[in-house]
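Coordinate analysis (summary)
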Amino acid sequence: MRAQITSAEMTDIHQILADHHRYWGERDLRSLHLLALVQEFGETCLVARAEDGIHGYVIGFVTPTGTGYVHLVATRDDARGTGIGRRLYAAFADAAHRLGALRLKAITSPGNTGSIAFHRSLGFDAKVVDDYNGPGQAMVVFRRALPFDAVQP
């Protein structure tokens, strides 16, 4: 069953939070799901919707300096490996580009090897930045130029 990518609605985010473990496993990232981002940046907060629910989502926005920033992107446990993440990134990149973005950016923790590999497969450069998230809290910062062409696996 093919998921359709559409703008996220508040009810979608509530469902995602209720099924949080399906997207994030044991990591509790509920506090990062800022409802105000969905309210204010609806054009760049997207869900991959299918008959059996939300297969994945991206929460992001475009900065005033032309960066399409991906705050969160996740695929439901039973939809991984189906290309949903790539499709969501491509849809986000298209929306961000329409809003004036010239580049994309995302971050993750240095230990999140899955995210690092995924972003690199999409053509992102990855750099560890010390103290990015505060003293002693390094993050991996991903960057790539637009337009986005979903690099094939």
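Above this text sits the structure in question.
Keep in mind that this is a model prediction, so the values were computed, not measured.

A look at the nonpolar core
By size, the foremost hydrophobic cluster in this structure holds 24 residues, and its most contacted members are Y89, F92, L104, F124 and F148. Elements supplying a minimum of two residues to this core: β2 (45-50), β3 (53-62), α4 (84-98), β5 (103-108) and β7 (139-145). With 7 residues, the top contributor of residues to this core is α4. Residue contacts for F92: discarding those within four places in its chain leaves T44, L46, V58, G60, F61, G68, Y69, V70 and L104.

Focus on the pairing of β5
As defined by bridge partners, strand β4 (residues 67-75) adjoins β5 across 4 bridges and the pair is classed as parallel. The residue of β5 that forms the bridge with Y69 is K105. Following the chain from β4 across α4 to the adjacent parallel β5, one finds a crossover that is right-handed. With 6 bridges joining them, β5 and β7 adopt antiparallel strand pairing. Bridge pairing in β7 links K105 to R143.

A closer look at the side chain of T75
Within the element layout of this structure, T75 appears in strand β4. Once residues lying within four places of it in the same chain are set aside, the contact partners of T75 are R22, Y23, H55, G56, R80, I84 and G85.

A few points about the packing of aromatic side chains
According to the stated counting rule, one finds 6 aromatic pairs in the structure shown. Geometrically, the ring pair formed by Y23 and Y57 is edge-to-face, given 5.2 Å between the ring centres and 80° between the ring planes. Taken as a pair, Y23 in helix α2 (residues 20-24) and Y57 in strand β3 lie far apart in primary sequence, 34 residues in all. The exposure classification of Y23 matches that of Y57, with both residues buried. Judged by centre distance (5.5 Å) and plane angle (65°), the rings of Y89 and F124 are edge-to-face. Of the two residues, Y89 sits in helix α4 while F124 sits in the loop between α5 (113-121) and β6 (125-129), which places them 35 residues apart along the sequence. Judged by relative accessible area, which is 4%, F124 ranks as buried. Cluster of aromatic residues (ring-pair linked, three or more members): Y89, F118, F124 and F142.

Calculation criteria
- Residues numbered from 1 in each chain as written.
- Predicted model: local features only at pLDDT ≥ 70, side-chain atom pairs only at ≥ 80, totals over all residues.
- Heavy atoms only, no water.
- Core = buried A, V, L, I, M, F, W, Y, C linked by side-chain atoms within 4.5 Å.
- Buried < 20%, exposed > 50% of the residue type's maximum accessible area, 1.4 Å probe, protein only.
- Helix = DSSP H or I, 4+ residues; strand = E, 2+ residues; numbered from the N terminus.
- Contact = heavy atoms within 4.5 Å.
- Pairing = 2+ DSSP bridges.
- Right-handed = clockwise from strand over helix to strand, strands pointing away.
- Phe/Tyr/Trp six-rings, centres within 6.5 Å; stacked < 30°, edge-to-face > 60°.

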